[in-house]
Amino acid sequence: MLRRPEYRRALVFCGLIGIPVSLIAFWFLVAIEQLQDLFWTDWPRDLGWDQPPWWWPFPLLAVAGLGVGLVVARLPGRGGHLPAAGLSVGGITAQSLPGVVLAALLSLPLGAVLGPEAPLIALGTGLALLFGRLVKAPETKAGGALLGAAGAAAAISALFGNPLVGAVLLMEVAGVGGPRLFAVMLPALLSSGVGALVFTGFGHWTGLKTGSLKIGLPPAPLLDAGDVLWTLPVAPLLALFVHGTFVGGRYAAGFVTSRTVRNTFLCALGAAGCISLYTVSTGRSAQDVALSGQAALARLAADPHSWSVGALVAILVFKGLAYLLCLGSLRGGPIFPALFLGGTAGVLLAPLPGFGVVPAMAVGMAAAVTAGLRLPVSSVVLVVLLLGNGETIPVVVLAAVISFVVVELLPPGPEIPPFAESPARRARRSGTP
């Protein structure tokens, strides 16, 4: 394949695509970060509150629900894929880009319990196809797949700060194998690496922040028998919890489909109610439940003992419910909230005899994100790089494998619109290899 001139030209072009895609992804993430700080920190502080009052989520998520509902109903592409369907690299065109970006900007900064990874994948895919059209690249199915994978990998590596995560994630999301795996992954890996280099340098140059997935857990002692043994019941328990949340998200998606604008608005208000109930019942900040959980996960890892048992249980209940509603109605990605719920469950269960805090968080995050994505290899790579802790790798792998087996044996829940179904999940649902 490397001997074919057209493939070598495509490989070079995919590497070049990583530069503009990563720069646009940078500013997209900066915009989300700045808007989140404005809505959830600056405005409440300017009005005299140390933290958002209990009613604060209602007007923000009302705007999000109404806006996303109108985008889904009126613009091409329906605002991108439903997060209840997991991640996908298909079904995105250059024409759908405005709707994808607008739906994400209406969802993520205003409090949706979702992350930016799915809009980034869609943004990278659409931009790559648009650039290919601008330079009049041959519009073939194979060429479109290469460009889409390269653009998505460049954008997603900007979020995770590591080209390996982007390449592995795209490999599993696309569900490719054999020669097709080599053909797609080589340009994806190249574009991902170029994008990570450009993104990192540009971030240092501007001094702007986009958020970081690294949480900086303290060094963990060597694993012992207790850590391994507790992984066996904890991983399937969390797999059931997260899988049930996704099944609920599929039901929410069906509810939204019947009357898109009205029911998207109602689901967003329901998520706001969950955030407010958490604030009222615990006295803690609404940001523990609102938003993706990326910043809250770092706070949790830095000082897990500052969270009471009641607050941890409340997060699992209220953030889980808000996550369910957002999965089926708003637009964003499923990774970050699953990581945070898994980390919260790990801290809650860490006092079990022989179970350390760091291994417990590692097991919780691996089991939760695997159950949500059904991408075990990507989940292991993501959690290991996130933790930066080699001692926990055995229990991370064990938790991911157990979680994946459990969710694969469970019914997936109701059907959702085909445009939102990833190729890998569609193949599993239909029983094709």
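Please give an account of the side chain of Thr 245 that cites residues and values.
Take Thr 245: it is sitting in helix H8 (residues 225–258). The buried category is assigned to Thr 245, whose relative accessible area is 6%. Here the side chain of Thr 245 touches Phe 241 through a polar contact of 2.9 Å, landing on its backbone oxygen. Once residues lying within four places of it in the same chain are set aside, the contact partners of Thr 245 are Gly 320, Tyr 323, Leu 324 and Leu 327.

Which residues make up the packing of helix H12 (residues 335–349) against helix H13 (residues 357–373), and what values do they have?
It is at 7 Å that the axes of H12 and H13 come closest, and there the two elements cross at 145 degrees. Where H12 crosses over H13, the two elements pack in a sense that is right-handed. Facing H12, whose interface residues are Ile 335, Ala 338, Leu 339, Gly 342, Gly 343, Gly 346 and Val 347, H13 presents Ala 360, Met 361, Gly 364, Met 365, Ala 368, Val 369 and Leu 373. By residue class, the composition of the contact of H12 with H13 is ten nonpolar, four polar and no charged.

Tell me about a nonpolar patch on the surface, residues and numbers included.
On the surface, a cluster of nonpolar side chains totalling about 540 Å² of accessible area is made up of Leu 47, Trp 49, Trp 54, Trp 55 and Val 280. Structurally, the position occupied by Val 280 is in helix H9 (residues 260–282). On the accessibility criterion, Val 280 (57% relative accessible area) is exposed.

I'd love a proper account of the environment of Val 381, names of residues and values included.
Checked against the element boundaries, Val 381 lands in helix H14 (residues 376–387). When the C-alpha atoms of Val 381 and Leu 164 are compared, they prove to be 8.3 Å apart, with 217 residues separating the residues in sequence. Leaving out residues up to four positions away in the same chain, Val 381 has contacts with Leu 164, Val 165 and Val 168.

Quick one: what's the story with the packing of aromatic side chains, residue by residue and with numbers?
Applying the stated rule across the entire model yields six aromatic pairs. Measuring from centroid to centroid gives 5.7 Å for Trp 49 and Trp 55, while their planes differ by 85 degrees, and the two rings are edge-to-face. When its relative accessible area of 32% is taken as the criterion, Trp 49 is described as partly exposed. Consider the rings of Phe 246 and Tyr 323, whose centres lie 5.9 Å apart with planes at 90 degrees: the pair is edge-to-face.

Please set out unusual backbone geometry residue by residue, giving values where relevant.
Here the phi dihedral of Arg 78 falls at roughly 55 degrees; this positive angle occurs in a residue that is not glycine. Position of Arg 78 among the secondary structure elements: in the loop between helix H2 (57–74) and helix H3 (97–107). A relative accessible area of 30% means that Arg 78 is categorised as partly exposed. A positive phi angle, near 55 degrees, is found at Arg 374, a position not held by glycine. Along the chain, Arg 374 falls in the loop between H13 and H14. Taking the relative accessible area as the measure of exposure, Arg 374 reaches 10% and is therefore buried.

Describe helix H15 (residues 393–409), with residues and values.
End to end, H15 covers 25 Å across 17 residues, agreeing with the expected 24 Å (1.5 Å per residue, within 8%). The complete set of buried residues in H15 reads Val 395, Val 396, Ala 399, Ala 400, Ile 402, Ser 403, Val 406 and Val 407. In this fold, the buried residues of H15 make contact with H8, H13 and H14.

Could you give an account of the nonpolar core, naming the residues involved and the relevant values?
Proteins that are soluble and globular tend to have nonpolar side chains buried together. Core analysis: the biggest nonpolar cluster contains 110 residues, and Leu 120, Phe 160, Ile 335 and Leu 339 have the highest contact counts within it. For this core, the element with the highest residue contribution is H13, accounting for eleven residues.

What counts, and at which threshold
Residues numbered from 1 in each chain as written. Predicted model: local features only at pLDDT ≥ 70, side-chain atom pairs only at ≥ 80, totals over all residues. Heavy atoms only, no water. Helix = DSSP H or I, 4+ residues; strand = E, 2+ residues; numbered from the N terminus. Buried < 20%, exposed > 50% of the residue type's maximum accessible area, 1.4 Å probe, protein only. Polar contact = N/O pair within 3.5 Å; in protein donor to acceptor, adjacent residues only side chain to side chain. Contact = heavy atoms within 4.5 Å. Axes fitted to C-alpha atoms, helices over the stretch in contact; angles between N-to-C directions. Left-handed = near helix turned anticlockwise from the far one by under 90°. Nonpolar A, V, L, I, M, F, W, Y, C, P; charged D, E, K, R; others polar. Patch = residues over 30% accessible without salt bridge, like charges linked within 9 Å, V, L, I, M, F, W, Y side chains within 5 Å. Areas by Shrake-Rupley, 256 points an atom, 1.4 Å probe, with all protein chains shown as cover. Salt bridge = Lys/Arg side-chain N within 4 Å of Asp/Glu carboxyl O. Phe/Tyr/Trp six-rings, centres within 6.5 Å; stacked < 30°, edge-to-face > 60°. Expected span 1.5 Å × (residues − 1). Core = buried A, V, L, I, M, F, W, Y, C linked by side-chain atoms within 4.5 Å.

Function-wise, these values are silent; they only describe arrangement.
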